[in-house]
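Residue strings, one per chain:
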Number of protein chains: 2
Amino acid sequence: MRHDYPIQAVSFTKVQLADNFWLPRLKTNHDVTIPASFQRCEATQRVKNFEMAAARTGKFATIFPFDDTDIYKTIEGASYSLQLYPDEKLAAYIDALIAKVGKAQEPDGYLYTARTIDPAHPHPWAGPERWVNEREMSHELYNAGHLYEAAVAHYEATGQKSLLTIALKNADLVCAVFGPGKRHVAPGHEIVEMGLVKLYRVTGKPEYLSTAKFFIEERGQYKGYDPKSPDVFKNGAYWQDDQPVYAQTEAKGHAVRAEYLYSAMADVAALTGDQRMLAAVDTIWHNMVGKKMYVQGGTGAVPGGERFGANYELPNTTAYNETCASVANVYWNQRMFLLHGDSKYVDVLEKILYNGLISGVGLDGKSFFYSNAMQIKSSAGFPQTEPARAGWFDCSCCPTNLARLMPALPGYVYAQKDRDVYANLFISGTTDLTVAQKAVRITQQHNYPWQGELKFTVSPAVATNFNLLVRLPGWARNEALPLGLYQFATPSNQKISIRVNGQSVAYATRNGYAVLARKWRKNDVVEVALPLEVRQVVAHANVQDNLGKVALQRGPVMYCAEWKDNGGRASNIIVPAATRFATAYQPNVLNGIMQLTATVPVVQVDAANSTVSTTRQTMTAIPYYAWANRGKGEMTVWFPQQLTDVDLISRKAPESTVSK
Amino acid sequence: MRHDYPIQAVSFTKVQLADNFWLPRLKTNHDVTIPASFQRCEATQRVKNFEMAAARTGKFATIFPFDDTDIYKTIEGASYSLQLYPDEKLAAYIDALIAKVGKAQEPDGYLYTARTIDPAHPHPWAGPERWVNEREMSHELYNAGHLYEAAVAHYEATGQKSLLTIALKNADLVCAVFGPGKRHVAPGHEIVEMGLVKLYRVTGKPEYLSTAKFFIEERGQYKGYDPKSPDVFKNGAYWQDDQPVYAQTEAKGHAVRAEYLYSAMADVAALTGDQRMLAAVDTIWHNMVGKKMYVQGGTGAVPGGERFGANYELPNTTAYNETCASVANVYWNQRMFLLHGDSKYVDVLEKILYNGLISGVGLDGKSFFYSNAMQIKSSAGFPQTEPARAGWFDCSCCPTNLARLMPALPGYVYAQKDRDVYANLFISGTTDLTVAQKAVRITQQHNYPWQGELKFTVSPAVATNFNLLVRLPGWARNEALPLGLYQFATPSNQKISIRVNGQSVAYATRNGYAVLARKWRKNDVVEVALPLEVRQVVAHANVQDNLGKVALQRGPVMYCAEWKDNGGRASNIIVPAATRFATAYQPNVLNGIMQLTATVPVVQVDAANSTVSTTRQTMTAIPYYAWANRGKGEMTVWFPQQLTDVDLISRKAPESTVSK
């Protein structure tokens with residue numbers, strides 16, 4: 001029996017978006033982010049590295065041996081994007097770039113410019129021989145993994161095999177070199193495992209799947225670590241290499257590497273039916289969602305090592321929350337959904353999408369956050385994550401990861417298992433499916449996430465029996481996040497209502513979905529009303545930083561207060577339990593947002609009399625994803641409910657003048 | 001010409017302490033700390049490692065390959081301590097231990113239990129062959145360095161050559177293996193350089209000095225780093241290996257390693273006359289004192305990597321301040337003084353001694369801080385250094401480093417250059433010197449640091465012309481620290497006065513010393529009065545965390561407010577510029593301290609009315625070194641001068657109950 005995911009995502013090639021929220025973002029990604037990424041790959045000589053590798057001469061021109069991947073990732077993003085926005089010039093550019101990649105490949109398939117340019121003098125991280133530094137430094141298999149991801153996207157989007165051929169040649173080499181009885185290593189930065197699985201899906205070649213599984217099972221085998229050391233570099237946890245994956249129970253180490261590994265574990269569990277691997281990845285997912293995720297969907301609390309902290313270690317002012325980790329976590333949660341068919345995974349995915357992921361890119365499409373702060377205090381000293389966006393980084397993983405995820409979004413909207421059609425994301429547009437051999441078109445038309453009234457038009461070519469499973473978002477069922485790390489302090493009394501062709505319907509629920517089972521006919525209309533009140537969120541009492549504090553959520557969108565709207569401050573705002581918020585759509589603010597306002601106590605300091613008191617003032621909150629687009633200043637996600645204590649701070653020069 | 005330090009310290013063997021402040025601490029070190037260290041070396045199987053290495057069988061029983069050094073360091077401390085407290089039982093124990101060390105040594109001198117126990121299966125950090133992992137992991141030369149330090153101390157204290165013979169055999173091997181045309185490496189954790197210099201002093205063998213210089217000059221030669229990386233592990237700065245030492249200008253990387261290196265640079269500069277090395281270590285010292293030192297003398301601001309931060313990066317709540325770095329910084333500043341004869345180096349040394357060094361050990365002599373916090377806030381989440389002392393650590397470098405420094409203190413009191421006798425530290429006791437071939441006894445009798453009236457009795461056997469140079473502490477001359485990182489906001493108007501045999505004398509000053517030049521006769525009495533007011537200290541305006549804040553200093557002692565004396569809090573205290581402190585010696589508090597009290601504004605929160613106001617209250621401050629001996633709670637060194645702003649915090653469960 002051939003195993004696979006029980007549920008299949010509806011391909012991005014079958015979904016056309018027409019969404020007020022997302023389509024402008026995807027257009028900006030196409031018009032600005034992707035061209036800027038390619039331009040920067042040229043300007044920083046990432047492209048030149050390939051040209052020099054082709055000529056086998058020169059000197060590696062950039063900083064990191066994994067700089068090759070920025071080109072792969074941008075090709076991947078551009079490939080998806082061409083589906084949305086056909087663009088001959090871009091297609092031709094990609095073709096030329098792929099030709100350069102092909103010429104840089106060695107005859108046996110090896111592709112890694114950091115060595116091929118001058119094999120006698122490779123990049124110091126590359127090691128003197130192929131693969132010898134792979135565990136910690138070389139990223140040879142990391143580059144391979146991104147090549148495979150890009151190749152499959154390019155093939156699926158364009159039907160062309162140019163990049164795929166290069167990738168398969170490389171993958172055949174990797175499978176020949178690594179495996180039982182051959183070379184062993186736990187790849188230092190995971191992604192080759194996911195990439196191999198994608199190649200397996202395209203080709204059906206079993207070696208790709210078995211080598212992916214081999215790499216996953218190599219983790220925890222290296223004996224050179226010190227298991228007693230608390231240092232994640234010395235005990236191997238940084239690379240998820242401290243234990244065999246079957247013994248791993250916590251999301252640990254570098255968050256991006258971790259979530260790429262967990263994604264691949266889900267892939268391999270699905271495609272091999274390995275129940276132990278399934279159990280392991282389930283356990284780790286519960287740990288991540290239950291104990292290690294920020295309220296805006298970010299992961300990786302600790303800046304040193306860009307990694308997961310201890311359970312409930314989710315401090316605000318030092319939060320790391322790498323944008324790449326949000327990308328990786330989308331991949332992982334999508335796979336968990338495809339395995340289990342439970343809406344909770346999509347709840348997490350949606351939480352990341354609307355919040356901690358897109359906070360990583362500015363509204364201009366070309367300024368980025370590598371880390372995503374939870375709080376900026378003007379009073380705070382070191383350490384504090386950067387309050388302003390940057391154009392590009394020496395290590396530019398995050399911009400190019402956004403460039404590839406954003407245009408892939410159409411592939412996350414629907415999924416299908418036989419006669420079950422899952423509507424996971426509420427994004428206006430049209431998809432064309434085949435259900436029970438019948439063509440079915442489904443159209444979404446609404447103004448989500450600002451409005452909760454969803455409209456689905458279900459149009460089978462001929463009347464057809466099937467189940468439309470509409471996700472009932474956790475937040476609409478008074479569950480702020482699965483597993484209780486966050487809960488609503490102000491739950492809604494409203495219920496979700498569903499009407500079909502104007503008539504309220506009773507519906508069964510299954511795994512967090514409304515199951516609408518009927519013989520669907522042309523132009524059937526499903527209307528779903530989700531309660532969209534502003535709700536106050538509280539964190540689990542073990543999250544020290546958030547004791548006595550609330551965050552603000554409306555629908556899937558988390559809010560923050562930013563200095564710009566609040567008299568130059570944000571850290572002085574109190575949000576008592578009884579606070580009620582007014583909402584107003586502001587089309588001209590931050591490309592159009594639903595804004596929240598309320599009258600709340602705000603702390604004022606009277607330095608002359610050494611007193612602090614609260615005055616009532618209007619506070620304005622904006623979606624978290626939109627912060628840091630109007631200059632630098634304070635930003636807060638979590639607000640104290642009352643003034644229970646203060647920390648004294650002083651930002652004035654001392655009173656007594658000191659002679660210098 | 002043979003080069004050397006222009007000034008020589010008066011050996012610890014020639015100074016008998018009788019000091020109210022230090023002698024009880026040295027006795028506790030002898031009675032509690034050293035026995036506890038040996039006991040823990042036995043209980044944790046550090047001793048067993050040597051026994052197994054002697055038998056060439058078994059399995060390395062502890063965690064780190066550098067665990068051997070805890071034995072060396074405790075032998076070193078015990079050797080010094082035997083001078084103070086003759087103890088036959090302890091001497092016999094040390095002899096037996098040295099015999100075990102000798103048996104663990106391989107025939108060619110190699111001594112490293114992590115390999116010798118089972119050379120086919122060495123500790124993973126040790127590497128498959130000798131020395132191959134020395135740059136980053138093995139600590140083979142680190143173990144060697146501590147062996148040499150211990151051997152010289154043991155030889156000088158007891159006259160016995162048992163450990164010295166072992167050390168010399170090892171050093172001969174090291175010199176045979178490493179050097180120009182032989183094996184090259186920048187030792188991963190410096191100290192072998194200092195140790196080799198000590199062996200050179202004892203033996204005069206030039207290879208020891210040249211090999212020390214070789215190791216120092218090896219830094220910055222390795223090509224495998226990425227100089228563009230901001231990561232101190234990837235660019236080599238963690239190991240001070242990013243640049244040749246002659247190009248280094250900043251105190252960088254792991255603070256203990258750094259300060260051991262800088263100590264050795266001073267040694268080699270003195271003993272070779274190398275002016276370039278002298279210039280480099282001078283430059284780095286200016287950077288450390290001018291931009292990277294906490295007000296209590298601690299160094300190494302950043303927990304990740306236990307390392308120096310950027311210039312002026314001296315945050316309070318996350319301060320690392322490893323106790324070992326204070327030990328290393330004492331070594332370094334003593335050497336800088338011996339090179340230059342300037343009191344500013346002793347000012348820094350004294351600052352460390354009375355504050356950030358002895359804060360590392362509890363009054364019980366057996367509980368320790370690895371890192372020394374600057375502020376504990378009950379409101380703070382992660383990260384915050386540990387507010388309670390621990391008995392021992394897996395990596396026990398700090399306890400054993402204290403055990404070896406404390407009893408060496410007599411060697412830091414005096415120094416001499418021909419007819420110049422330097423009185424550097426004000427510690428009661430007696431020393432016997434030879435000046436111009438005449439015996440001279442100097443006795444100090446006073447109650448420093450609590451009282452500023454110092455009394456020196458100078459008794460030459462026969463009347464003799466020489467200069468007594470009494471250090472005029474920077475703090476007594478209104479200089480809080482050399483180079484202006486800290487300054488007094490409330491300078492003293494009092495002057496230092498000096499009387500000889502009851503008569504005020506005019507005196508010349510030289511490099512921060514009062515030069516008392518006369519023909520000294522038996523029982524001449526010098527009385528020095530130092531102004532001991534409580535002074536407010538401000539930090540350089542670039543130290544973000546301390547803007548508008550003051551610290552409290554009296555004499556060399558820095559103060560803090562601890563929860564225990566201040567109604568359970570410390571972070572709510574304001575110290576306005578006009579605050580005047582009362583002082584009272586409390587013999588029964590914390591083994592006897594001078595306590596400070598003042599009436600100051602203290603912030604009170606009225607949660608019901610959401611107001612914060614200041615009330616006047618008595619604040620009590622205790623010496624910083626004495627904190628954390630009465631349980632866990634808030635502690636603050638820096639106090640806001642006025643209420644210019646507050647950070648809202650909340651430690652209450654939210655008002656609205658959430659159903660679980």
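Residues numbered from 1 in each chain as written. Chains lettered and ligands numbered in written order. Predicted model: local features only at pLDDT ≥ 70, side-chain atom pairs only at ≥ 80, totals over all residues. Heavy atoms only, no water.

Named according to an unreviewed UniProt entry, chain A is Glycoside hydrolase family 127 protein originating from Hymenobacter frigidus.

Visitor: Honestly, empty space enclosed by the protein in this entry has me stumped. Any pointers?
Guide: Empty space among the atoms becomes apparent when a probe as large as a water molecule is rolled across them. All names here are of chain B. Under the criterion given, the structure shown has 9 cavities of 30 Å³ or more. For the second largest cavity, the calculated volume is near 90 Å³. Lining the second largest cavity we find D347, E350, K351, R471, G474, W475, E479, A480, L481, P482, Q553 and P556. The biggest single contributor to the lining of the second largest cavity is helix α13 (residues 343-357), with 3 residues. Among the residues forming the lining of the second largest cavity, the class breakdown is 5 nonpolar, 2 polar and 5 charged. (1 Å grid on protein atoms, 1.4 Å probe; cavity = no way out; pocket = protein on both sides within 12 Å on 5 of 7 lines; lining within 4 Å. Points joined across faces, edges and corners; volume = space filled by probe spheres on them. Helix = DSSP H or I, 4+ residues; strand = E, 2+ residues; numbered from the N terminus. Nonpolar A, V, L, I, M, F, W, Y, C, P; charged D, E, K, R; others polar.)

Visitor: Help me understand the packing of helix α12 (residues 323-340) of chain A against helix α13 (residues 343-357) of chain A in this model?
Guide: In helix packing, the relevant descriptors are the interaxial angle and the interaxial distance, both defined with respect to the helix axes. Residue and element names in this part refer to chain A. Their axes nearest at 8 Å, the elements α12 and α13 cross at an angle of 160°. Judged on the interaxial angle alone, α13 and α12 are roughly antiparallel. As for how α12 packs across α13, the hand of that crossing is left-handed. Contacts between α12 and α13 involve T323, S326, V327, N329, V330, N333, Q334, M336, F337 and H340 from the first element and Y345, V346, V348, L349, I352, L353, G356 and L357 from the second. (Axes fitted to C-alpha atoms, helices over the stretch in contact; angles between N-to-C directions. Parallel < 35°, antiparallel > 145°, perpendicular 65-115°, else oblique. Left-handed = near helix turned anticlockwise from the far one by under 90°. Contact = heavy atoms within 4.5 Å.)

Visitor: For this particular structure, what's the right way to read the sheet that holds strand β9 (residues 464-471) of chain A?
Guide: One key point about sheets: their strands pair by backbone hydrogen bonds, in either a parallel or an antiparallel sense. Residues and elements named next belong to chain A. Ordered in space as β1-β4-β5-β9-β14-β13, the 6 strands form an open sheet in which the pairing is mixed. Both outer strands of the open sheet, β1 (8-9) and β13 (508-510), are each paired with one neighbouring strand and no more. Strand direction decides the pairing type here: β1 and strand β4 (residues 414-417), joined by 2 bridges, are antiparallel. Of the residues in β4, the one forming a bridge with A9 is A415. (Pairing = 2+ DSSP bridges.)

Visitor: Just to check I follow, could you spell out the interface of chain B and chain A for this structure?
Guide: Taken together, the contacts link 64 residues of chain B with 64 residues of chain A. A buried area of about 6400 Å², summed over both sides, lies between chain B and chain A, and 54% of it is on carbon and sulfur atoms. For D647(B), the salt bridge identified is with K377(A), shortest N-O distance 2.8 Å. Summed over the shared surface of chain B and chain A, the result is 10 residue pairs in polar contact (both at pLDDT 80 or more). Counting only elements with at least two residues in the side of chain B that touches chain A, the list comes to β10 (486-488), β20 (593-606), β21 (611-623) and β24 (645-649) of chain B. Examining the composition of the side of chain B that touches chain A, we find that 5 residues originate from one element, β24(B), more than from any other. Along the lines of polarity and charge, the residues of the side of chain B that touches chain A split into 28 nonpolar, 20 polar and 16 charged. Bridge count between strand β24 (residues 645-649) of chain A and β24(B): 5 bridges; the pairing is antiparallel. Within β24(B), the residue paired with L648(A) across the bridge is V646(B). (Buried area = accessible area lost by both parts, 1.4 Å probe. Salt bridge = Lys/Arg side-chain N within 4 Å of Asp/Glu carboxyl O. Polar contact = N/O pair within 3.5 Å; in protein donor to acceptor, adjacent residues only side chain to side chain.)

Visitor: Whenever I open this one, the relation of the copies chain B and chain A confuses me. Can you help?
Guide: The relation between the two copies of this chain is a rotation about an axis and a shift parallel to it. At an RMSD of 0.0 Å, chain B and chain A line up after a rotation of 180° and a shift of 0.0 Å along the axis. The symmetry that links the two subunits is that of a two-fold axis. By residue overlap, the copies meet face to face through one surface: 98% of the interface positions of chain B are interface positions in chain A. (Least-squares fit on C-alpha atoms with pLDDT ≥ 70 in both.)

Visitor: Where do I start with unusual backbone geometry in this structure?
Guide: It is generally the case that most residues other than glycine have a negative phi and that most peptide bonds are trans. Residue Y448(A) is joined to P449(A) through a cis peptide bond whose omega torsion reads 5°. Among the structural elements, P449(A) can be located in the loop between β7 (438-444) and β8 (453-460). Phi is positive for L590(B), close to 50°, though the residue is something other than glycine.

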